[in-house]
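Here are the chains, one letter per residue:
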Amino acid sequence: FALTTFLLSLVNAGVMDAAAEPVVLGVALAYGGVAQMLVGMWEFRKGNVFGATAFTSYGAFWLSFWAYVAFYAKEVPAENHGQAAGWFLMAWAIFTTLMLIAALRTTLVLAVLFAILNVALYLLSFGALASNPDLTKVGGILGLAAAAVAWYLCLAGVMASTFGRPILPNRPLFRASASQADQGG
């Protein structure tokens with residue numbers, strides 16, 4: 001998630017020229033799309049509904065972004081590009097709001113990731129709908145922040161696995177009560 005978000009956010013923030021956006025497409029298809037869909041299925045198999053929903057859905061986001069740019073955007077009249085992108089992003093912002101609410105029962109860093117991503121998607125949506133490049137730029141900058149937080153989460157998880165214990169802090173946002181612990185919650 002971090003890698004594809006980083007690359008597209010470079011374009012949205014104005015760091016990378018929009019003409020270079022096709023470099024995002026291969027990563028969106030393979031890593032952001034297919035790889036995340038696979039992770040979502042593995043999370044489903046483990047019984048992690050939150051992880052399955054998040055990874056599968058954002059994998060679908062990147063696959064649909066790739067398909068739109070590669071195959072369908074040219075069919076949208078130029079005067080409707082902002083509206084098409086804006087409502088696409090708005091739909092994902094709404095979904096991310098739902099995931100943010102659920103993330104409030106996970107860890108601090110994961111909740112921060114969803115909060116930043118949520119604001120970024122709303123700004124990108126409003127920027128596209130209003131043809132406001134300043135909103136798009138701020139959304140892109142927040143996308144870069146979201147990518148940094150996602151990379152931190154990745155490193156924290158990988159290091160906890162390789163070291164056999166947590167190394168980087170990622171504090172839980174709740175403590176299971178005795179009755180929840182007894183019930184596996």
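Here the structure is a predicted model, which means the values were calculated and not measured.

Regarding the overall build of the protein chain
Here is step 1: Secondary structure summary: the protein chain contains 7 helices and 0 strands in total.
Here is step 2: In the protein chain, the succession of helices and strands from N to C terminus is α-α-α-α-α-α-α.
Here is step 3: Its C-alpha radius of gyration of 17 Å places the protein chain within 12% of the 16 Å reference for a compact globule of 185 residues.
Here is step 4: For the C-alpha atoms alone, the extent of the protein chain along its principal axes is close to 60 × 25 × 25 Å.
Here is step 5: The contacts in the protein chain between residues at least 6 apart in sequence include a share of 63% that link residues at least 24 apart.
Here is step 6: For the protein chain, the exposed surface amounts to about 10,200 Å²; the carbon and sulfur share of it is 70%.

Considering unusual backbone geometry
Here is step 1: One non-glycine residue, serine 131, lies in the positive phi region at around 50 degrees.
Here is step 2: In this fold, serine 131 is placed in the loop between α5 (108-129) and α6 (133-163).

With respect to the side chain of serine 9
Here is step 1: Tracing the chain through its elements places serine 9 in helix α1 (residues 2-12).
Here is step 2: The residues contacting serine 9, other than those within four sequence positions of it, are Gly140, Gly143 and Leu144.

Overview of the environment of isoleucine 167
Here is step 1: Along the chain, the position of isoleucine 167 falls in the loop between α6 and α7 (178-182).
Here is step 2: Spatially, the C-alpha atoms of isoleucine 167 and alanine 84 are 43 Å apart, while their sequence positions differ by 83 residues.

With respect to the side chain of threonine 107
Here is step 1: Note on placement: threonine 107 falls in the loop between α4 (81-103) and α5.
Here is step 2: A polar contact of 3.3 Å, which involves the side chain of threonine 107, links it to the backbone nitrogen of leucine 110.
Here is step 3: The residues contacting threonine 107, other than those within four sequence positions of it, are Asn170, Arg171, Pro172 and Leu173.

Some details on the confidence of the model for the protein chain
Here is step 1: The share of residues in the protein chain with pLDDT of 70 or more is 95%, and the mean pLDDT across the chain is 94.
Here is step 2: Segment residues 178-185: pLDDT under 50, and 5 contacts once partners within four positions in sequence are set aside and those in other chains are kept.

A word on the packing of aromatic side chains
Here is step 1: Applying the stated rule across the entire model yields 14 aromatic pairs.
Here is step 2: Aromatic pair tryptophan 62 and phenylalanine 65: ring centres 5.8 Å apart, planes at 85 degrees, arrangement edge-to-face. Taken together, the positions of tryptophan 62 and phenylalanine 65, both in helix α3 (residues 49-72) and 3 residues apart, correspond to about one turn of that helix. In this pair, the class of tryptophan 62 matches that of phenylalanine 65, namely buried.
Here is step 3: In textbook terms, an aromatic cluster arises when at least three aromatic residues are bridged by ring pairs, as seen for Phe1, Phe50, Tyr58, Phe61, Trp62, Phe65, Phe88, Trp92, Phe95 and Phe114.

Some thoughts on the packing of α1 against helix α2 (residues 22-46)
Here is step 1: Two elements in contact, α1 and α2, have axes whose closest approach is 9 Å; the angle formed by their N-to-C orientations is 160 degrees. On the basis of their axis angle, the class for α1 and α2 is roughly antiparallel. Judged by the twist between their axes, the crossing of α1 over α2 is left-handed. Contacts between α1 and α2 involve Leu3, Thr4, Leu7 and Leu8 from the first element and Val24, Val27, Ala28, Tyr31 and Gly32 from the second.
Here is step 2: Its residues placed into classes, the contact of α1 with α2 shows 7 nonpolar, 2 polar and no charged.

So, how was this worked out
- The numbers attached to residues start from 1 for each chain and follow its sequence in the written order.
- The predicted origin of the model limits local features to residues at a pLDDT of at least 70 and limits the giving and counting of side-chain atom pairs to 80 or more, whereas totals for whole chains, interfaces and linings rest on all residues.
- Computation of side-chain values: all heavy atoms of the structure, hydrogens and water removed.
- Only DSSP runs of H or I with at least four residues qualify as helices, and only runs of E with at least two residues qualify as strands; both kinds are numbered from the N terminus onward.
- Radius of gyration: over C-alpha atoms. The globule rule applied is 2.2 Å multiplied by the number of residues raised to the 0.38 power.
- Any two residues whose heavy atoms approach within 4.5 Å are treated as being in contact.
- Reported accessibility uses the Shrake-Rupley method at a 1.4 Å probe radius. Residues are deemed covered only where the shown protein chains occlude them.
- Identification of polar contacts relies on pairs of N or O atoms within 3.5 Å, with a donor-acceptor requirement for protein atoms, meaning one able to donate a hydrogen and the other able to accept it, and with residues adjacent in sequence counted only if both atoms are side-chain atoms.
- Scored from 0 to 100, pLDDT records how confident the predictor is in each individual residue.
- Stacked, tilted and edge-to-face are the three classes assigned to paired rings of Phe, Tyr and Trp, where Trp is represented by its six-membered ring and a pair needs centres within 6.5 Å; plane angles under 30 degrees give stacked, over 60 edge-to-face, the rest tilted.
- A simple rule labels every residue: compare its accessible area, found with a 1.4 Å probe on the protein chains alone, to the largest value its type can have, and call it buried under 20%, exposed over 50%, or partly exposed in between.
- As a rule, the C-alpha atoms of each element are fitted with a line to give its axis, helices using only the stretch in contact, and angles between N-to-C directions run from 0 to 180 degrees.
- Working definition: roughly parallel below 35 degrees, roughly antiparallel above 145 degrees, roughly perpendicular at 65 to 115 degrees, and oblique for all remaining angles.
- If you view the pair so one helix is near and one far, a crossing is left-handed when the near helix is turned anticlockwise from the far one by less than a right angle, and right-handed when it is turned clockwise.
- Lys, Arg, Asp and Glu make up the charged group, whereas Ala, Val, Leu, Ile, Met, Phe, Trp, Tyr, Cys and Pro make up the nonpolar group; the residues left over, Gly among them, are polar.

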